[in-house]
Amino acid sequence: MPREMVRDVPAIRRDALGYLARTTERFGDLVAFPMPGRAALLVNDPAAVRRVLVERPRAWSKDTVQYGALSAVTGAGLLTADGDDWRRRRRIAQPAFHHGTLDVVAEQSVAAARRVSVGWHALPDGAVTDVDAACMQATLEVVGRTLFDDDLAADGERVVSSVAEALEVVVQRARTPRPAWLPLPSARRLARAVAVLDETCARLVAARRARGLDDHDTDLLGLLLRSADAEGGLTPQQVRDELVTLVIAGHETVASSLAWTLQLLAEHPEAQQQLHAELDALDGPPTWVDLRRLPFTRQVVDEALRLFPPAWVVTRRATEPDELAGVAIPTGTLVVISPWLLHRRAADWPDPERFDPSRFAGERAGTPRPTYLPFGLGPRLCIGRDFAVVESVLALAALLRDWTVSPVVRGGQVVRPRVDALVTLRPHGGLPLVVRRR
Ligand code: HEM
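Residues numbered from 1 in each chain as written. Predicted model: local features only at pLDDT ≥ 70, side-chain atom pairs only at ≥ 80, totals over all residues.

**With respect to the overall build of the chain**
Then comes step 1: A tally of helices and strands in the chain yields 15 helices and 14 strands.
Then comes step 2: Against the globule reference of 22 Å for 438 residues, the chain gives a C-alpha radius of gyration of 22 Å, in line with a compact fold.
Then comes step 3: Dimensions along the principal axes, computed over C-alpha positions, put the chain at roughly 60 × 60 × 45 Å. (Helix = DSSP H or I, 4+ residues; strand = E, 2+ residues; numbered from the N terminus. Rg over C-alpha atoms; globule rule 2.2 N^0.38 Å.)

Given below as C-alpha cells:
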C-alpha cells in the first residue's frame, strides 16, 4: 500500500473525484487503499470490472459501507439486498419496468417538463433560474405517477428535502463510519427525514388500499401490494423498503443527469442548435412514438451520462477468494469501481473531457460495457435504465422545444458549479442557468 496515501485521507473528503483520478494516474488500474481493517481496492481495469460485475457476481456482494449506509434509509430494498432475497425482490418488481410500461413514463415525463416550462414562463425572459431544483421536483413527480400511480407533487418539497437530508447523512456515514447508536445530531436528522419518507409511504399504501387493488394494476405499488396479499408475500416493512428504495434510486439520479445535461448544452450552443433542429422536425410536442426520431437527443443524454455519471461509484465485497488482473484477492476485500474514472479512460474515449455526443452515434448507442456503465453492468444492472433514458430524452425534448438555455457568465467566465460527489453527483449550491423563450 502506498504509504503516502495515508496523508491524503482529508483530500478524499474534500475532492473525491480528483483524488480518484490522481490515484489511478500515479499508481495504475489496481490500487490498494489505506483503509483500517479489511483490504480495499480501487479497480479501474476493464477486464477486472467485468469479472466482478458480469462474470462472477455471486462472488461479490453488496455488503459494503456504501450500501450499508444507504440501507439506514432504504432498509433491505432491491438496491441493497443480496442473494436469494435480491432475486425474489427483482422478480416481484420487474414487471413494473417492462417495456410495455414505458409509454406511461414518456407521457408523465413530458407532462412534468411542461409544468417546469409553465414555471419558467412566469419569470422574465432571460432570467437566471435553478434548473437543478426544477429537475428534482419534476423527476419526483414522474416516479410518483408512474410507479405509484399517485401524485407526489403535493408532498414534493418535503420529500425532496427529506431525501436530500437523509442522503447527506448517508454520505457522512459512508466517509466516517461510526456506530449507528451514537446519539449524534446527524442521527436525529436522519430519523426526522426517514419519518417523512415513512409517512409518505404509509399515505401511498393507504390511498391505494382505499381505492382497491385490481389484478390488472402493473405499476410498482400495485405489484408490491398484490404480492403482500399473497401467501408468504412481502411484509409491510418490505413494501415500505421497496417504495423508499425506488424514490431514492429513481429520483435524484435522473434529476442530476438532466441538470448536468442542461449545463453541457448551455456551454455548447452548437450542440443545442442541433438538438433544437431535431425537435423542430417533430409534428408537435414530443410523445412516446417520437422517441426513435430523437437520435441526437439520445446521444446528448448518453454523452452527459458519460461525463457526469450520477452513480459515480459502485462497491462490492468478496464473499470468496478471487483473482483480479493477476492479483490474488482474499475473502472480505472491498472493491471500489468508479464509472467517473472508467468513462475517462483515454484509450476508449479520446480527449475524454470533451463533450461530443457523436461518440454515441450509431450501433454503440449507450450499450453498457466496462468503460461505459452509468447504469452498472451484469445482473445488478439498474432496473430503471430504460425508464431513466426515456424520461431523460423526452423531458429534455419537451423542455428545450420551447426554451434555450445559456450559462451564467461572471467576469467573462462561464460559471459551472463545482461537482459534489455525494450519493449522486450534485451541482454545489444548485445549477443556475439563463432561460430564454424560443
Ligand atoms: C440516470 C439515472 C440513473 C442512474 C445513473 C442509475 C444508476 C444505477 C446503477 C449504477 C445501479 C447499479 C448499482 C450497483 O451495481 O451497485 C443502479 C441500480 C438500481 N437502480 Fe438505477 N439509476 C438511474 C435511474 C433509476 C431509476 C429511474 C430507477 C427506478 C425508477 C432506478 C432504480 C434502481 C434500482 C432499484 C437498482 C437496483 C437494481 C438491482 O440491484 O436489482 N434507477 N442504478
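**Quick notes on the sheet that holds strand β9 (residues 403–407)**
Through backbone hydrogen bonds, the strands of a sheet pair up, either in parallel or in antiparallel fashion.
Then comes step 1: Across the sheet, three strands lie side by side as β4-β14-β9; this open sheet has antiparallel pairing. Lying at the two open borders of the sheet, with one neighbouring strand each, are β4 (127–130) and β9. Adjacent strand axes in the sheet meet at a mean angle of 45°, parallel and antiparallel pairs treated alike.
Then comes step 2: Inspection of the sheet shows β4 paired to strand β14 (residues 432–437) by four bridges, in the antiparallel sense. In the sheet register, aspartate 130 faces β14, and the bridge partner there is proline 432. (Pairing = 2+ DSSP bridges. Axes fitted to C-alpha atoms, helices over the stretch in contact; angles between N-to-C directions.)

**Some points on the site of the ligand**
Then comes step 1: The environment of the ligand is made up of 23 residues, and the closest members are Gly250, Thr253, Gly376, Cys382 and Gly384.
Then comes step 2: Counting residues per element, the ones that place at least two in the shell around the ligand are α11 (236–267) and α15 (385–400).
Then comes step 3: In terms of residue count, the dominant contributor to the shell around the ligand is α11 (seven residues).
Then comes step 4: Here the residues of the shell around the ligand are counted per class, giving 15 nonpolar, six polar and two charged. (Near = placed C-beta within 6 Å. Nonpolar A, V, L, I, M, F, W, Y, C, P; charged D, E, K, R; others polar.)

**A short note on the sheet that holds strand β8 (residues 334–337)**
Then comes step 1: Reading across from one edge, β1-β2-β8-β5-β3 is the order of the five strands in this open sheet, with mixed pairing throughout. Edge positions in the sheet fall to β1 (30–33) and β3 (60–61), since each of these pairs with one other strand and no more.

**Some details on helix α7 (residues 131–147)**
Residue pairs spaced three or four apart in an α-helix point in one direction, given the helix's 3.6 residues per turn.
Then comes step 1: Its 17 residues place the ends of α7 24 Å apart at the C-alpha level, agreeing with the 24 Å of an ideal helix rising 1.5 Å per residue.
Then comes step 2: Among the 17 residues that make up α7, 16 are buried, leaving the element largely enclosed by the rest of the structure.
Then comes step 3: After α7 finishes, the residue aspartate 149 shows a positive phi value of roughly 45°. (Expected span 1.5 Å × (residues − 1). Buried ≥ 20, exposed ≤ 12 C-beta atoms within 10 Å, placed from the backbone.)

**Concerning the environment of leucine 167**
Then comes step 1: Among the secondary structure elements, leucine 167 is positioned in helix α8 (residues 156–175).
Then comes step 2: A tally of 21 C-beta atoms within 10 Å means that leucine 167 is categorised as buried.

**Quick look at helix α4 (residues 65–74)**
Then comes step 1: Looking at α4, one finds that the buried residues are Gln66, Tyr67, Ala69, Leu70, Val73 and Thr74. Here the buried residues of α4 occupy an arc of 160° about the axis, which is enough to place them on one side.
Then comes step 2: The first or second residue beyond α4 is glycine 75, which carries a positive phi of 70°. (Arc of directions from axis to C-beta.)

**Considerations on the packing of helix α12 (residues 269–280) against helix α13 (residues 295–307)**
Then comes step 1: Interhelical geometry of α12 versus α13 gives an angle of 145° and a closest axis separation of 8 Å. Across the interface between the two elements, Ala271, Gln274, Leu275 and Glu278 from α12 touch Phe296, Thr297 and Val300 from α13.
Then comes step 2: A per-class count over the contact of α12 with α13 returns four nonpolar, two polar and one charged. (Contact = placed C-beta atoms within 7 Å.)

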